[in-house]
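# Fold and contact review
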Amino acid sequence: MKKGILSFILLFTISLLCVEVASFIYISSIHKKIITPNEFFSKNKKFGSQEDCSWPEYISHHPLLNIRYKKTGKCQRPGINFDGLVDLNQNRNNENSFKILIVGGSVAEGLYESGLLERSLNERYVAPKNTSFSVVNGAIAAGQQPRQVVASLILGKDANLVVSLEGYNELFNMQDRFDINNPPQVWHELEEILLVNRDNSKAGLIIKLISSGLSDWVKAGLLRYSFSGAAIVQASAIINNQLDSNIEYKNHKRSDLDKKEFEQEYVEKYKDYIKAMHAISNSRGTKTIVFLQPVPLIGKRLTKRELQVSENSNYKEQYQKIINKLSELDVDGLSVVPLTMIFKDYEGELYDDQIHFLGDSLGKRILADAMADAIAKKLKLKNLEVEK
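Anyway, here's the lowdown on the structure attached to this text.

What counts and how
Residues numbered from 1 in each chain as written. Predicted model: local features only at pLDDT ≥ 70, side-chain atom pairs only at ≥ 80, totals over all residues. Heavy atoms only, no water. Axes fitted to C-alpha atoms, helices over the stretch in contact; angles between N-to-C directions. Helix = DSSP H or I, 4+ residues; strand = E, 2+ residues; numbered from the N terminus. Parallel < 35°, antiparallel > 145°, perpendicular 65-115°, else oblique. Left-handed = near helix turned anticlockwise from the far one by under 90°. Contact = heavy atoms within 4.5 Å. Nonpolar A, V, L, I, M, F, W, Y, C, P; charged D, E, K, R; others polar. Salt bridge = Lys/Arg side-chain N within 4 Å of Asp/Glu carboxyl O. Buried < 20%, exposed > 50% of the residue type's maximum accessible area, 1.4 Å probe, protein only. Patch = residues over 30% accessible without salt bridge, like charges linked within 9 Å, V, L, I, M, F, W, Y side chains within 5 Å. Areas by Shrake-Rupley, 256 points an atom, 1.4 Å probe, with all protein chains shown as cover. Phe/Tyr/Trp six-rings, centres within 6.5 Å; stacked < 30°, edge-to-face > 60°. Expected span 1.5 Å × (residues − 1). Polar contact = N/O pair within 3.5 Å; in protein donor to acceptor, adjacent residues only side chain to side chain. Pairing = 2+ DSSP bridges.

With that settled, consider the packing of helix α10 (residues 259–283) against helix α12 (residues 316–326). Two elements in contact, α10 and α12, have axes whose closest approach is 10 Å; the angle formed by their N-to-C orientations is 45°. Regarding the angle of α10 to α12, the classification is oblique. For the element pair α10 and α12, the recorded crossing hand is right-handed. From α10, Lys-259, Glu-263, Val-267, Tyr-270, Lys-271 and Ile-274 reach across to α12, where they touch Glu-317, Gln-318, Lys-321, Ile-322, Lys-325 and Leu-326. The residue makeup of the contact of α10 with α12, split by class, is five nonpolar, one polar and six charged.

With that settled, the discussion passes to the pattern of salt bridges. A complete count under the given rule lists 17 salt bridges for this structure. Between Arg-77 and Glu-109 there is a salt bridge whose closest N-O contact spans 3.7 Å. Placement of the pair is Arg-77 in the loop between β2 (66–69) and β3 (98–104) and Glu-109 in helix α3 (residues 106–114), with a sequence separation of 32 residues. Looking at Arg-77, the relative accessible area reads 9%, which means it is buried. Here Glu-317 ties to Lys-321 by a salt bridge, and the two come within 3.6 Å at their closest N and O atoms. Taken together, the positions of Glu-317 and Lys-321, both in helix α12 and four residues apart, correspond to about one turn of that helix. The class for Glu-317 is exposed, based on a relative accessible area of 52%. Beyond isolated ion pairs, a larger network of salt bridges with shared partners links Lys-259, Glu-263, Glu-317 and Lys-321.

That bond from Gln-145 to Pro-146 is cis: its omega, 10°, falls within 30 degrees of zero. Among the secondary structure elements, Pro-146 is positioned in the loop between β4 (133–137) and α5 (147–155). Notably, Lys-129 is not glycine yet its phi reads approximately 60°, a positive angle. Tracing the backbone shows Lys-129 in the loop between α4 (116–124) and β4. Backbone geometry places Arg-177, a non-glycine residue, at a positive phi of 65°. Secondary-structure assignment places Arg-177 in the loop between α6 (171–175) and α7 (186–190). Judged by relative accessible area, which is 25%, Arg-177 ranks as partly exposed.

Another point: a nonpolar patch on the surface. Residues Ile-5, Leu-6, Phe-8, Ile-9, Phe-12 and Leu-16 make up a contiguous nonpolar surface patch of about 630 Å² in total accessible area. Among the structural elements, Ile-5 can be located in helix α1 (residues 2–31). For Ile-5, a relative accessible area of 43% translates into the label partly exposed.

On to the packing of aromatic side chains, then. Both the distance between ring centres and the angle between the ring planes are used here to describe each pair of aromatic rings. One pass over the full model with this rule turns up seven aromatic pairs. Ring plane angle 80° and centroid distance 5.7 Å describe the contact between Phe-343 and Phe-357, whose orientation is recorded as edge-to-face. Taken together, the residues Phe-343 in the loop between β7 (335–338) and α13 (362–379) and Phe-357 in the loop between β7 and α13 connect sequence positions 14 residues apart. Phe-357 matches Phe-343 in its accessibility class, with the two residues each being buried. With a centroid separation of 5.2 Å and 25° between ring planes, the pair formed by Tyr-351 and Phe-357 is classed as stacked. Phe-357 sits in the buried class, given a relative accessible area of 8%.

Relative to the 36 Å expected for 25 residues at 1.5 Å per residue, α10 spans 36 Å between its end C-alpha atoms, a close match to the ideal helical length. Residues of α10 that are buried: Phe-262, Glu-263, Tyr-266, Val-267, Tyr-270, Lys-271, Tyr-273, Ile-274, Met-277, His-278, Ile-280 and Ser-281. For α10, the side-chain oxygen to backbone nitrogen distance between the N-cap and Lys-260 is 3.2 Å, and the N-cap itself is Asp-258.

Bringing the sheet that holds β4 into the picture now. Backbone hydrogen bonds hold the strands of a sheet together, and the pairing may be parallel or antiparallel. In spatial order, the strands read β4-β3-β5-β6-β7; together these five strands make up an open sheet with parallel pairing. Unpaired on one side and paired on the other, β4 and β7 mark the two borders of the sheet. The sheet shows a mean angle of 25° between the axes of neighbouring strands, direction not considered. Two elements, β3 and β4, share five bridges in a ladder whose sense is parallel. The residue bridging Leu-101 from the neighbouring strand is Val-136, located in β4. The strands touched by α5 within the sheet are β3, β4 and β5 (161–166), with β3 carrying the most contacts at an inclination of about 155°.

To continue, consider α13. If you check α13, its first and last C-alpha atoms are 26 Å apart, about what 18 residues at 1.5 Å a residue would give, namely 26 Å. Three or more residues of α13 are buried, namely Gly-363, Lys-364, Leu-367, Ala-368, Ala-370, Met-371, Ala-372, Ala-374, Ile-375, Ala-376, Lys-378 and Leu-379. In this structure, the buried residues of α13 make contact with β3, α3, α4, β5, β6 (287–292) and β7. Looking at where α13 begins, the residue whose side-chain oxygen comes 3.2 Å from the main-chain nitrogen of Gly-363 is Ser-361. Looking one or two residues beyond α13, the residue adopting positive phi is Lys-380, at roughly 60°.

And the structure:
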């Protein structure tokens, strides 16, 4: 009997080793490099805490602003205000400052968190009426039009200037042939109920729930230290993404237009949103500047790693069309400023993925300075160096 038990233990151990080796090969082939379980799981940590929380678990729907961060429950972002947005000004008196509301998606939110735009303005330019510049946040990760219009209306009442940093997230619906005001991609992750629009939806929903549950179980247990656990989570993500990609918004997908007609209509609607932001600011006696954010595939010589993280991207032609058309709106007090060429003279590594910069990097500083220069030009600000 002892011999049988030992044989079973030996066979079981060999089986586990085989599974680990197979999982190691699978994970390495997916990521095209050798990656340890620790690297795999730490890659998806969010906000430096609550490492078992995925990004969608930090957010919930907002009745007007589309999404917001949760203030209660296990998965919370620190420093969140009443509107569910990151707010560094909650304990700061900025009543006598020149307030700039920044709206947009994750790049805008990250720039706000870094404080670099506010610092660049205060260190280089004289604020109107000799006050100081104060940047207020209206941006959130996954934000896309028409959220910026709503944010400028709701949050921009006390702002002296509204700036929007956008363009990349607005490409998603365009690439998928959805109307520009179609619900954003993040709703796929927030609402399982969307799966009812897919054929064989009940089976898909069950598969997704089992897959997500298994993934959460792995993350919470000892398997998170194994290649097998990493392989389960990776496979779960692929399954869920495939199910999500099959979701079709039957009321919004524009199959009635050919590609040229669709893109023309899309850009015209996009222009209407920009004009709406301008009209809101105009009614308040303030101004709006729309910055079309830099992207890896335009205006920068990419490093080997930047090429790897951008290799599946194919938005260059469509983004250039958006830039060309929206730039036509730079009249009558409305400024649309493309920033795609601000890295043309820099050959080092700036991007961490398809759109975000490396930490508190040089990329963010160059971006902040370029935006500050455009703001100064728009407002006819005096340069501090000249004043000295």
